[in-house]
Amino acid sequence: MSILTNKNNEKIAFFDSGVGGLTVYAKFRKLLNTENCIYFGDLKHLPYGNKSKDELIGYSRAIFDFFKQQNVKAVVMACNTSSAAAYSTVKDEYDFKIYPMIQSCAKIIAEQNYSRLGIFATEATINSGVYEAQIHKYNPHIKTFTQSCPQWVNIVENHTFGDVQMIEIIKSDLEKMLKNEPDKIILGCTHYPYLLNVLSSYTGADIYIDPAHYFVEYIKSDLEKSCMLNTQKIRGSEEFYVSANPDDFILASKMFYDVPSAEVIELHRRISV
Ligand code: DGL
C-alpha cells in the first residue's frame, strides 16, 4: 500500500548567514501563515559579505543538500549575497523551486521608474555587479549608485546599533551615499532593515526600499501560479536551525521575529564545505 503525500504540504525553506533573512521570513509568515517553514542561519560562516564566490557557492550547496534531505518544496534565498554569488551556479542542481532575492525583486523595483537609485549591500554583492546588472536588465535608464557597508551586518548580529561609534559608522556610510542624491536607496542586504530606525533618523524613512516587501509578494504569486500553495487550514509549522551559536541567534532574532528558544536546533552535522 502506498502512502500518498501531498507535495503542497511540504516545507518552504529560508536561509541566510544569520538573522538577516528573518526580515524576509517575518513578512512571509504574515502573508502566508499556513505554509510549513524551515529557517536556516549559517552563523558559522557569518558574515557572508567578505567571503569569496567559491566559498559562498560551497555554503549554498551544503545548505541546499540539507534542505533536500528535508524534502522541501521550495527554497527562499533570503540572502542577497548568496543570490548574487551562488544562485546562477546552483540553480539547476536541485529539483525544488529556488527563489533568489535579487533576481526576484529587480524587475519590480526597476519598473518603478526611479531615475537615481542607491544600493547599499555587502562587499560580495557589490563586487559581483549582479544588483546593478539585474536592475539595468529591466530598465537601462536608471542611474545606480552602489556602496558596500562592511560593518553593518556585524552591528546587527551583535546588536550594537545603539553604540555611538557604530552610529557614526552608519552615518558616515549614509553621508557618502547621499552625495549621489538618490531618489531611493535599496537596502540590498537582508540585515539592513534592522537599521532602519537609525538610518531614517537622518533622512526620513521614505527614501529606503526594503525589497523583502516585493520579494514575499512575488513568492506568493509564483506559488499560486504553480499551484503549490499549502491549502491546509491550520497555521504552518516552523523549525529553526543554525550551524553555530544558537544563543546569539535567539538574542539577535528578538529584534525582528519572536523565534521560540526551544525551537532553535544547532546542527551538529557539519554544514560546511
Ligand atoms: N543578509 C545577507 C545578505 O542579504 C548576508 C549578510 C552577510 O552575512 O554579510 O546579503
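None of the values given here were measured: they were computed from a predicted structure. (Residues numbered from 1 in each chain as written. Predicted model: local features only at pLDDT ≥ 70, side-chain atom pairs only at ≥ 80, totals over all residues. Heavy atoms only, no water.)

A.B. asks: What's the story with the site of the ligand in this structure? I'm lost.
C.D. replies: Around the ligand, 14 residues are found, and the nearest of them are S17, Y48, G49, T81 and H191. Contact distances for the ligand include 2.7 Å between an oxygen atom and a backbone N or O atom of Y48. A distance of 2.8 Å is found between a nitrogen atom of the ligand and a side-chain nitrogen or oxygen belonging to H191. Considered on its own, the ligand offers 300 Å² of accessible surface; in the complex 99% of this is hidden by protein. A class-by-class count of the residues in the shell around the ligand yields six nonpolar, seven polar and one charged. (Near = heavy atom within 4 Å. Polar contact = N/O pair within 3.5 Å; in protein donor to acceptor, adjacent residues only side chain to side chain. Areas by Shrake-Rupley, 256 points an atom, 1.4 Å probe, with all protein chains shown as cover. Nonpolar A, V, L, I, M, F, W, Y, C, P; charged D, E, K, R; others polar.)

A.B. asks: Where do I start with the sheet that holds strand 5 (residues 116-121) in this structure?
C.D. replies: Whether parallel or antiparallel, the strands of a sheet pair through hydrogen bonds between backbone atoms. Pairing within the open sheet is parallel, and its four strands lie in the order 6-5-7-8. With partners counted over all chains shown, the strands left at the sheet margins are strand 6 (143-148) and strand 8 (208-209), one partner each. Inspection of the sheet shows strand 5 paired to strand 7 (residues 184-187) by four bridges, in the parallel sense. Bridging across to strand 7, I119 finds its partner in I186. (Pairing = 2+ DSSP bridges. Helix = DSSP H or I, 4+ residues; strand = E, 2+ residues; numbered from the N terminus.)

A.B. asks: Teacher, can you tell me more about helix 12 (residues 246-253) here?
C.D. replies: A turn of α-helix holds 3.6 residues, and therefore any two residues three or four places apart point the same way. Residues of helix 12 that are buried include every one of P246, F249, I250, A252 and S253, and no others. Those residues of helix 12 that are buried are in contact with helix 1 (22-31), strand 2 (37-41), helix 8 (152-157), strand 9 (238-242) and strand 10 (264-266). (Buried < 20%, exposed > 50% of the residue type's maximum accessible area, 1.4 Å probe, protein only. Contact = heavy atoms within 4.5 Å.)

A.B. asks: How should I be thinking about the pattern of salt bridges in this particular structure?
C.D. replies: Two side chains with opposite charge may pair up if their charged atoms get near one another. Throughout the structure, instances matching the rule amount to 11 salt bridges. In this structure, the salt-bridge partner of K73 is E35, at a minimum N-O distance of 2.8 Å. One end of the pair, K73, is in the loop between helix 2 (53-69) and strand 3 (74-77); the other, E35, is in the loop between helix 1 and strand 2, with 38 residues separating them in the sequence. Both residues of the pair, K73 and E35, belong to the buried class. Salt-bridge contacts for D92 lead to K91; the nearest nitrogen and oxygen are separated by 3.5 Å. (Salt bridge = Lys/Arg side-chain N within 4 Å of Asp/Glu carboxyl O.)

A.B. asks: Whenever I open this one, the nonpolar core confuses me. Can you help?
C.D. replies: Nonpolar side chains in soluble globular proteins generally cluster together in the buried interior. In this structure, L22, I109 and F249 are the most contacted members of the largest nonpolar core, which totals 71 residues. Among the nonpolar cores identified, the runner-up in size contains 26 residues, and I38, Y59, F64 and C79 belong to it. (Core = buried A, V, L, I, M, F, W, Y, C linked by side-chain atoms within 4.5 Å.)

A.B. asks: Explanation requested: the packing of aromatic side chains in the structure shown.
C.D. replies: Within a pair of aromatic rings, the relevant descriptors are the distance that separates the centres and the angle that separates the planes. Counted by the stated rule, this structure contains 21 aromatic pairs. Ring centres of Y48 and Y59 lie 5.4 Å apart, and the angle between their planes is 20°; this geometry places the pair in the stacked category. On the criterion of sequence distance, the pair formed by Y48 in the loop between strand 2 and helix 2 and Y59 in helix 2 is long-range, its members being 11 residues apart. Considered together, Y48 and Y59 belong to a single accessibility category, that of buried residues. Taken together, F15, F40, F64, F66, F67, Y94, F96 and Y241 form an aromatic cluster joined through their ring pairs. (Phe/Tyr/Trp six-rings, centres within 6.5 Å; stacked < 30°, edge-to-face > 60°.)

A.B. asks: Even after reading the chapter, I still don't get the packing of helix 5 (residues 101-110) against helix 11 (residues 212-225), so can you show me in this structure?
C.D. replies: The description of two packed helices rests on the angle between their axes and on the distance between the axes. Look at helix 5 against helix 11: their axes get within 9 Å of each other, and the N-to-C directions meet at 100°. As summarised for this structure, helix 5 and helix 11 are arranged roughly perpendicular, according to the angle between their axes. For the pair helix 5 and helix 11, contact is made by M101, S104, C105, I108 and I109 and by A212, Y214, F215 and Y218, respectively. Classifying every residue of the contact of helix 5 with helix 11 by side-chain character gives eight nonpolar, one polar and no charged. (Axes fitted to C-alpha atoms, helices over the stretch in contact; angles between N-to-C directions. Parallel < 35°, antiparallel > 145°, perpendicular 65-115°, else oblique.)

It is worth stressing that arrangement in space is one thing and function is another; only the former is reported here.
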